[in-house]
Amino acid sequence: MAAPICVARIGAAHGVRGAVKLWTFTEDPLAVRHYGPLLTRDGARQFEVTHVREAKGHLVATLKGIATREEAERLNGVELYVARERLPDTSEDEYYHADLIGLAAVNAAGEPLGRVIAIHNFGAGDIIEVAPSDGATMLLPFTNAVVPTVDLEGGRVVIELPDEIEGEDP
């Protein structure tokens, strides 16, 4: 069975009746209500979204069994996961971040550059973070020009290094 995928993170309590702010990591933020029970990473706790509405930059959600502000406050920062098989298949050139983390990063000649350790999006597009065996990590645009090949079965991504890389010394 594949590792579960993080689809949301609970934020601060919202109001006095147990609602929480919810940040989703899905293409459709409201899809979180259709995945069924959401689990903590270790599977020890399960949450069911009973009501959800959009707010500015996040969702406001009610979770089954959470009825007070104090209960909601204790959930701040909890990440919510679903089993991979409950998520839709990806299209060509579309990937779940969890599939990319840990892949070997190589240049066009197949020489090792490091490993993919994260995918970020700070609002201007996806950024792939590659950690070399030593030295600073590289933050690169996750575009077809910089990452022309993603080979999930082969366990690698091919990186065409741009002339300037954030993290390099001047």
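Relevant structure appears above.
Each value, and the rule that gives it
- Going along each chain's sequence as written, the residues are numbered from 1 onward.
- Given that the model is predicted, a residue must reach a pLDDT of at least 70 before its local features are reported, and side-chain atom pairs must reach 80 or more before they are shown or counted; all residues, however, enter totals for whole chains, interfaces and linings.
- Side-chain measures were taken over the full set of non-hydrogen atoms in the model, leaving aside hydrogen atoms and water.
- In this description a helix means any DSSP run of H or I spanning at least four residues, a strand means any run of E spanning at least two, and both kinds are numbered starting from the N terminus.
- Three exposure classes are used, based on accessible area relative to the maximum for each residue type with a 1.4 Å probe and protein chains only: buried under 20%, partly exposed in between, and exposed over 50%.
- Contact criterion: two residues are considered in contact whenever any of their non-hydrogen atoms come within 4.5 Å of each other.
- To be clear on the numbers: accessible area is Shrake-Rupley with a 1.4 Å probe, and residue cover counts the displayed protein chains and nothing else.
- Working convention for charge: Lys and Arg count positive, Asp and Glu count negative, and His plus the chain ends are omitted.
- For the purpose of locating charges, the reference atoms are NZ of Lys, CZ of Arg, CG of Asp and CD of Glu.
- Any two strands between which DSSP finds at least two bridges are classified as paired.
- Convention adopted: a line fitted to C-alpha atoms gives each axis, helices being fitted over their contacting stretch, and angles between N-to-C directions are expressed from 0 to 180 degrees.

Draft legend 1. Quick look at the overall build of the chain. Counting secondary structure elements, the chain contains two helices and 13 strands. Projected onto its principal axes, the C-alpha coordinates of the chain cover approximately 55 × 35 × 25 Å. Counting all 170 residues of the chain, 35% fall into the buried class. A sequence separation of at least 24 residues applies to 47% of the contacts in the chain between residues at least 6 apart. When the accessible surface of the chain is totalled, it reaches about 10400 Å², and 48% of it is carbon and sulfur. Considering the chain, the positive charge centre built from 15 side chains and the negative charge centre built from 27 side chains are found 16 Å apart.

Draft legend 2. Fine view of the environment of Ala-44. Structurally, the position occupied by Ala-44 is in the loop between β3 (38-39) and β4 (46-47). Placed 29 residues apart in sequence, Ala-44 and Glu-73 show a C-alpha to C-alpha distance of 19 Å.

Draft legend 3. Here's a closer look at unusual backbone geometry. With a phi close to 65 degrees, Asp-93 is a non-glycine residue in the positive phi region. Mapped onto the elements, Asp-93 comes out in the loop between β7 (79-82) and α2 (97-100). Of the residues examined, Asp-93 reaches a relative accessible area of 55% and is grouped as exposed.

Draft legend 4. Spotlight on the environment of Asn-121. Residue placement: Asn-121 occurs in strand β9 (residues 112-121). Remark: the alpha-carbon pair of Asn-121 and Pro-141, spanning 20 residues in sequence, is separated by 9.7 Å.

Draft legend 5. Expanded view of the sheet that holds strand β8 (residues 104-106). Here six strands make up an open sheet; going across it, the order is β11-β10-β9-β8-β13-β12 and the pairing mixed. Both edges of this open sheet fall to β11 (138-141) and β12 (149-151), since each of them pairs with a single strand only. Averaged over all adjacent pairs, the angle separating strand axes in this sheet is 35 degrees, with direction ignored. Here β12 runs beside strand β13 (residues 156-158); their pairing, made up of three bridges, is antiparallel. From the neighbouring strand, Thr-149 faces β13, where its bridge partner is Val-158.

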